[in-house]
Amino acid sequence: MLTVEALTKTYKTGDKALRSVSFTVPKGQVVGLIGPSGAGKSTLIRCINRLVEPSEGRVLLNDLDITGLPAGGLRRARRQIGMIFQEYALVERLSVMENVLSGRLGYVGFWRSFLRRFPGEDVENAFRLLDRVGLIDHADKRADALSGGQRQRVGIARALAQDPELLLIDEPTASLDPKTSRQIMRLIVEICAERGLPAIINIHDVVLAQQFTQRIIGLQAGQIVFDGTPDLLDEGV
Ligand code: ADP
Ligand code: ADP
């Protein structure tokens, strides 16, 4: 479970990007984070993984107080947070399999591991994940030979390979056509339910968010202005 308590971020410029934002996300729930540009969505995501230092408040992942960790303890915490990106962030000239394994081993360890061999259990796990996202027949292809939808499936498998406790997902469908976008959203929501993974999806497309997520959080000027099921959003709350 993710708990965000009175999270506040004031940038050095004086911009109040978050003003006491609080919510919890239980295991298996996928939250669609919506709001106009500048609302604070990226800041919220970045405060949760501490790419941005919050000014006040706390972020807890299960029992781990992420905001209380010293900088040296962040690597372990970040291993528990799977990230999925708009532009996939794959290593283009490596194979699908190698990209997935990079999630397991972490970026630095990944290059080092070229000199060794990948542990067999990691490879087996990566095959299982590739099967789950529908790419088992593409394991040996280079990432740059794939379509956008396939690349995002690799991005999902890579995030899962690190066995995360939380997924943070930034505009996963912004570069995809509508049909592929729906397939990717459906896959993410199904996998989170199967694994009991909480997830936050920063998503521009409100209709897509309503169609696939169980809960919408609306941010505006750094504050939560809506938090509820997608059907309530239609009633203009
Ligand atoms: P969103 O992702 O919803 O578009 P952001 O979190 O990017 O919103 O931005 C929220 C507010 O914080 C905006 O006013 C933005 O200009 C400001 N902001 C974002 N990043 C920085 C930064 N690094 N330094 C100063 N202000 C920032
Ligand atoms: P996004 O597409 O995620 O909303 P932006 O285009 O808003 O990103 O921001 C790009 C980068 O610029 C980010 O690193 C963000 O933190 C930074 N940034 C955004 N707004 C400001 C600002 N007002 N002052 C300084 N940096 C900012």
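For the structure, see preceding data.
Notes on the structure in this doc start here.

Cut-offs applied
All residue numbers here refer to positions counted from 1 along the written sequence of the relevant chain. Lettering for chains starts from A, numbering for ligands starts from 1, and both go in the order in which the items are written. This being a predicted model, a pLDDT of at least 70 is required before a residue's local features are given, and a value of 80 or more before pairs of side-chain atoms are given or counted; all residues contribute to the totals for chains, interfaces and linings. Side-chain calculation: all heavy atoms of the structure are included, whereas hydrogens and water are not. Residues are labelled near a given molecule or strand when at least one of their non-hydrogen atoms is within 4 Å of it. N or O atoms closer than or at 3.5 Å make up a polar contact, with two conditions inside protein: a donor-capable atom paired with an acceptor-capable one, and, for residues adjacent in sequence, both atoms drawn from side chains. Per-residue and other accessible areas were derived by the Shrake-Rupley procedure at a 1.4 Å probe size, with only the shown protein chains allowed to occlude residues. Nonpolar residues are Ala, Val, Leu, Ile, Met, Phe, Trp, Tyr, Cys and Pro. Charged residues are Asp, Glu, Lys and Arg, and all others, Gly as well, are polar. Helix and strand labels come from DSSP, where a helix needs a run of H or I of at least four residues and a strand needs a run of E of at least two; each type is numbered from the N terminus. Three labels apply to residues, based on accessible area from a 1.4 Å probe with only protein chains included: buried if under 20% of the type maximum, exposed if over 50%, partly exposed otherwise in between. Should any heavy atoms of two residues lie within 4.5 Å, those residues are considered in contact.

**Some thoughts on the site of ligand 1**
Surrounding ligand 1, one finds Tyr11, Thr13, Asp15, Ala17, Pro36, Ser37, Gly38, Ala39, Gly40, Lys41, Ser42 and Thr43. At 3.4 Å, a side-chain N or O of Tyr11 approaches a nitrogen atom of ligand 1. A distance of 2.8 Å separates an oxygen atom of ligand 1 from a polar side-chain atom of Lys41. Starting from 560 Å² of accessible surface for ligand 1 in isolation, the protein chains cover 64%. Taken together, the residues of the shell around ligand 1 sort by class into four nonpolar, six polar and two charged.

**Quick word on the environment of Leu69**
Along the polypeptide, Leu69 turns up in the loop between β5 (64-65) and α2 (74-79). For Leu69, a relative accessible area of 15% translates into the label buried. Taking the C-alpha atoms as reference points, Leu69 and Asp177, separated by 108 residues in sequence, lie 40 Å from one another. Beyond its immediate sequence surroundings of up to four residues, Leu69 is in contact with Arg50, Leu64, Leu74 and Ala77.

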